[in-house]
Amino acid sequence: MWFYACAIVYDPAALKGKVPGFAEQFVKWNPMSVYIHAIRNTTFDGRGPTALTFFAATAYAISSVLLGLVVFRKLDRRLAEEI
């Protein structure tokens, strides 16, 4: 399901007006869409990602690492038992 929510095989602009509004917003705010958009620009359009796309991808990457560290620090005592 996430594969289709990331707009990998289709252009996200093709969704406008054809799906419910919540589905458009889900694809738009999906964290992976930033990376997929950058890859689509590079491969299909022959241009690099914009500065906004680059900074959004960097912000998502940093926030996911920080969130992972917080979760790991909270659960590190039980991690060996859970695995």
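Please refer to the structure higher up on the page.
Reference entry: report on the structure contained in this document. This is a predicted model, so every value here is computed, not measured. (Residues numbered from 1 in each chain as written. Predicted model: local features only at pLDDT ≥ 70, side-chain atom pairs only at ≥ 80, totals over all residues. Heavy atoms only, no water.)

## Description of the overall build of the chain
The helix and strand tally for the chain stands at 5 helices and 0 strands. Ordered by position in the sequence, the α and β elements of the chain form the string α-α-α-α-α. Taken against the 2.2 N^0.38 rule, which gives 12 Å for 83 residues, the C-alpha radius of gyration of the chain at 17 Å runs more than 25% over that of a compact globule. Once the C-alpha set of the chain is aligned to its principal axes, its extents read approximately 50 × 30 × 20 Å. Relative to its full complement of 83 residues, the chain shows a buried share of 17%. Long-range contacts, defined as pairs at least 24 residues apart, comprise 45% of the intrachain contacts of the chain with a sequence gap of at least 6. Approximately 6800 Å² of the chain is accessible, and the part contributed by carbon and sulfur atoms is 70%. (Helix = DSSP H or I, 4+ residues; strand = E, 2+ residues; numbered from the N terminus. Rg over C-alpha atoms; globule rule 2.2 N^0.38 Å. Buried < 20%, exposed > 50% of the residue type's maximum accessible area, 1.4 Å probe, protein only. Contact = heavy atoms within 4.5 Å. Areas by Shrake-Rupley, 256 points an atom, 1.4 Å probe, with all protein chains shown as cover.)

## Some details on the packing of aromatic side chains
Inspection of every chain in the model, using the stated rule, returns 1 aromatic pair. Ring centres of Phe 54 and Phe 55 lie 5.7 Å apart, and the angle between their planes is 70°; on these two criteria the pair is classed as edge-to-face. By relative accessible area, Phe 55 is classed as exposed at 56%. (Phe/Tyr/Trp six-rings, centres within 6.5 Å; stacked < 30°, edge-to-face > 60°.)

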